[in-house]
Amino acid sequence: MKEPEANNTHSDLDELRKAIDRIDEKLINLLTQRSNCVEKIAEIKCHSKVSIYDSERENKILQAVTENNPTKYQSVDMANIFHAILRAGLNQQLLYRSEHIDD
Ligand SMILES: O=C(O)C(=O)C[C@]1(C(=O)O)C=C[C@@H](O)C=C1
C-alpha cells in the first residue's frame with residue numbers, strides 16, 4: 001500500500017495541473033483578443049502606409065513588463081515571453097499585408 005503522503009502529493013500535483021490547464025485556456029482567450037486587435041491595427045497600417053514594425057512601441061511594452069513584474073518569473077523571462085508575442089504580432093501583420101497587397 002502507498003504512503004498517504006505519496007497519495008497526497010499525487011493528487012496535489014493533479015489539482016495544480018488542472019488549475020494550470022484552466023489558466024492556459026484563459027491565456028489563449030486573451031491572446032485571441034490581442035491578435036484580434038493586432039488584425040485591426042494591420043488593417044489601419046495597410047491603408048495608411050504606416051510601418052508595421054514600431055520599435056518605440058515595442059520598447060515601451062517590454063519596459064513596462066520588466067519594470068512592473070508581479071509574477072515569480074524573472075524579468076528577463078517575462079521580456080522573452082512578450083518579445084515572442086510581439087514577433088507573432090509582427091508576423092501576423094506581414095501575412096495580412098501580403099494577403100491584402102492590392103487592396
Ligand atoms: O502597436 C502597434 O503599432 C502594432 O503594430 C502592434 C504590435 C504589438 O503586437 O503590440 C506589433 C508590432 C509592432 O512592432 C508593435 C506593436
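Note that the structure is a prediction, hence the values are computed from the model and not measured.

### With respect to the UniProt feature "domain: Chorismate mutase" (unreviewed entry) in the protein
Move 1: In the UniProt entry, the feature "domain: Chorismate mutase" (unreviewed entry) is given for residues 7–97.
Move 2: For residues 7–97, the end-to-end C-alpha separation is 54 Å, with 86% helix and 0% strand making up the annotated structure.

### Considerations on the pattern of salt bridges
Move 1: Across all of its chains, the model carries two salt bridges by this definition.
Move 2: Across the salt bridge formed by Lys18 and Glu15, the nearest N and O atoms sit 3.7 Å from each other. With Lys18 and Glu15 both in helix H1 (residues 4–48) and three residues apart, this pair spans about one turn of that helix.
Move 3: Between Glu58 and Arg87 there is a salt bridge, with the nearest N and O atoms lying 2.9 Å from each other.

### With respect to a nonpolar patch on the surface
Move 1: Where nonpolar side chains cluster on the molecular surface, the patch consists of Ile23, Leu27 and Leu30 and spans about 290 Å² of accessible area.
Move 2: Tracing the chain through its elements places Ile23 in helix H1.

### Regarding helix H2 (residues 55–67)
Move 1: Under the 1.5 Å per step criterion, the end-to-end length of H2 is 18 Å for 13 residues, consistent within 8% with the ideal 18 Å.
Move 2: For H2, the complete set of buried residues consists of Glu58, Ile61, Leu62 and Val65. Buried residues of H2, viewed axially, fall in a sector of 95°; they line one side. In H2, the exposed positions angled more than 90 degrees off the buried face are occupied by Glu56, Lys60 and Glu67.
Move 3: Capping the start of H2 is the job of one residue whose side-chain oxygen sits 3.3 Å from the backbone nitrogen of Glu56: Asp54.

### Quick look at unusual backbone geometry
Move 1: Backbone geometry at Lys49 places phi at a positive 60°, although glycine is not the residue there.
Move 2: The residue Lys49 is located in the loop between H1 and H2 in this model.
Move 3: Of the residues examined, Lys49 reaches a relative accessible area of 73% and is grouped as exposed.

Conventions used here
- Residues numbered from 1 in each chain as written.
- Predicted model: local features only at pLDDT ≥ 70, side-chain atom pairs only at ≥ 80, totals over all residues.
- Heavy atoms only, no water.
- UniProt positions renumbered as here; feature names shortened; annotations may be inferred.
- Helix = DSSP H or I, 4+ residues; strand = E, 2+ residues; numbered from the N terminus.
- Salt bridge = Lys/Arg side-chain N within 4 Å of Asp/Glu carboxyl O.
- Patch = residues over 30% accessible without salt bridge, like charges linked within 9 Å, V, L, I, M, F, W, Y side chains within 5 Å.
- Areas by Shrake-Rupley, 256 points an atom, 1.4 Å probe, with all protein chains shown as cover.
- Expected span 1.5 Å × (residues − 1).
- Buried < 20%, exposed > 50% of the residue type's maximum accessible area, 1.4 Å probe, protein only.
- Arc of directions from axis to C-beta.
- Polar contact = N/O pair within 3.5 Å; in protein donor to acceptor, adjacent residues only side chain to side chain.

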